[in-house]
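A look at the structure
Letter by letter, the chains look like this.
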Amino acid sequence: MGIFRSIRRSRLIRQGLLPDDAWAWLREDHPILDGLGDEELARLRELATLFLREKVFEGADGLELTDAMREVISVQACLPILHLGLESYENWKTLVVVPDVFIQEHKEFDQAGVAHEWDEDKSGESWDSGPVVLSWKDVEASGWGDGYNVIIHEAAHRLDLLDGEINGRPALHRGMSPVEWGEVFAAAYENLKRRVSRKKRRLRIDSYAVEDDAEFFAVASEYFFEQPEVLKGEYPDVYRLLSAYYLQDPQARRKKPAGGA
Ligand SMILES: [Zn+2]
């Protein structure tokens, strides 16, 4: 981090962290934070404060953004980067929040030149360098520890993109093998794809993960933080590599008695 940014961030922190009352209910309303130690919670509070101040939040389609809404988004967005640092979101400047799932219009021409148009329901969207769009309704459904998290999903796409390519593999730390990452994720992806295609099987992981490599990484990241025991049970090697990348072990900390101690 540059010296000027470092000074500016220290100043932002000195101006005040997220207020005590906000921090208290944010912790209470986010079971995915259970098991974090005091030091990690303090770090998360600092990151969320900086995220809140540095990113641009915009309400759209009639949504009036409140401080509480911004805080809910910030704290969840900062959980994945707890040990990666805010620099990992350098490519993420603006968040647009809309009230509900939005419709994305697609239009494609086939080889015969015939136009095909269809609509797709979206709860979140991450364009290459543009804003991250989030549906507030889906934000409200995130963070409860039930496997779904639109903020972590979109954040994972941003982390994936940091090395210039959205391919389901973020910039790995020194000592991590891109080959191993590729093999482990491809095997899990193919396995889930097979299970999705045999429709009768029950699935514990959202089938949206088999859209492509990037979605698999984003959905696996949601489970990693929301329901780590599910991901570890289904795909232990994926869990292990995500743990090495995010530098966290949510499954181990959840097993501890709840609370920040
Ligand atoms: Zn996605």
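In short, a report on the structure. Numbers given to residues run from 1 along each chain, matching the order in which its sequence is written. Under the rules for a predicted model, residues below a pLDDT of 70 receive no local features and side-chain atom pairs below 80 are neither given nor counted, while totals for whole chains, interfaces and linings still include all residues. Side-chain metrics rest on all non-hydrogen atoms present in the structure, leaving aside hydrogens and water.

**Examining the packing of aromatic side chains**
Aromatic contacts are taken between Phe, Tyr and Trp rings whose centres are within 6.5 Å, Trp giving its six-membered ring; a plane angle under 30 degrees counts as stacked, one over 60 as edge-to-face, and the others as tilted. Scanning all chains against the criterion turns up 16 aromatic pairs. Taking 5.4 Å as the distance between ring centres and 80° as the angle between the ring planes, the aromatic pair formed by F51 and W92 counts as edge-to-face. Remark: W92 occurs in the loop between α4 (67–78) and β2 (94–98) and F51 occurs in helix α3 (residues 38–54); sequence separation between them is 41 residues. Ring geometry for Y89 against W92: centres 4.8 Å apart, planes inclined by 70°, an arrangement best described as edge-to-face. Neither residue differs from the other here; Y89 and W92 are each classed as buried. Helix numbering and strand numbering both begin at the N terminus, where a helix is a DSSP run of H or I of at least 4 residues and a strand a DSSP run of E of at least 2. Using a 1.4 Å probe on the protein chains alone, a residue whose accessible area is under 20% of its type maximum counts as buried, one over 50% counts as exposed, and one in between counts as partly exposed.

**A closer look at the coordination of the zinc ion**
For Na, K and Ca the donor cut-off is 3.2 Å; for every other metal, N, O and S atoms count as donors within 2.8 Å. Water does not enter the count, which can leave sites looking incomplete. The protein atoms that coordinate the zinc ion are H153 (NE2), H157 (NE2), E215 (OE) and E215 (OE), at distances of 2.1 to 2.6 Å. When four donors show all angles between 85 and 135 degrees the site is tetrahedral, when four or six donors have opposite pairs over 155 degrees and all other angles between 65 and 115 it is square planar or octahedral respectively, and in every other case it is irregular. Note that the zinc ion binds four donor atoms; their angles at the metal cover 53 to 142°, and the shape is irregular. Counting residues between consecutive donors of the zinc ion along the chain gives the motif H-x3-H-x57-E. Highlighted residues: H153 and H157, both in helix α6 (residues 150–161), separated by four residues, approximately one helical turn. With respect to class, H153 is no different from H157; both count as buried.

**As for the packing of helix α2 (residues 20–28) against α4**
Note on method: axes are straight lines fitted to C-alpha atoms, helices fitted across the in-contact stretch only, with angles between N-to-C directions ranging 0 to 180 degrees. Relative to each other, α2 and α4 sit at 55°, their axes nearing to 11 Å. In terms of their interaxial angle, α2 and α4 are classed as oblique. Note that α2 runs across α4; the crossing there is right-handed. Between α2, through A22, W23, W25 and L26, and α4, the contact on the second element is made entirely by A68, E71, V72 and V75. If an angle is under 35 degrees, it is roughly parallel; if it is over 145, roughly antiparallel; if it lies from 65 to 115, roughly perpendicular; otherwise it is oblique. A crossing counts as left-handed when the near helix is turned anticlockwise from the far one by less than a right angle, and as right-handed when that turn is clockwise. Throughout, a contact is declared for two residues whenever any of their heavy atoms are within 4.5 Å.

**Digging into α3**
End to end, α3 covers 24 Å across 17 residues, agreeing with the expected 24 Å (1.5 Å per residue, within 8%). Against α1 (3–14), α2, β1 (56–59), α4 and β2 lie the buried residues of α3. Helix span, as expected, comes to 1.5 Å for every residue beyond the first.

**What to know about a nonpolar patch on the surface**
A cluster of nonpolar side chains, namely I3, F4 and I7, defines an oily patch on the protein surface of about 360 Å² accessible area. Along the chain, I7 falls in helix α1. Judged by relative accessible area, which is 41%, I7 ranks as partly exposed. Two distance rules govern patches: like charges are joined within 9 Å, and nonpolar side chains (Val, Leu, Ile, Met, Phe, Trp, Tyr) within 5 Å, applied only to residues with over 30% relative accessible area and no salt bridge. The method behind every accessible area is Shrake-Rupley, applied with a 1.4 Å probe, and residues are considered shielded solely by the protein chains displayed. We define a salt bridge as a contact between a side-chain nitrogen of Lys or Arg and a carboxyl oxygen of Asp or Glu at a distance within 4 Å.

**Some points on the environment of G59**
Checked against the element boundaries, G59 lands in strand β1. Sequence-wise, G59 and L95 are 36 residues apart; in three dimensions their C-alpha atoms are separated by 8.5 Å. Residues contacting G59, with those up to four places away along its chain left out, are L65 and V97.

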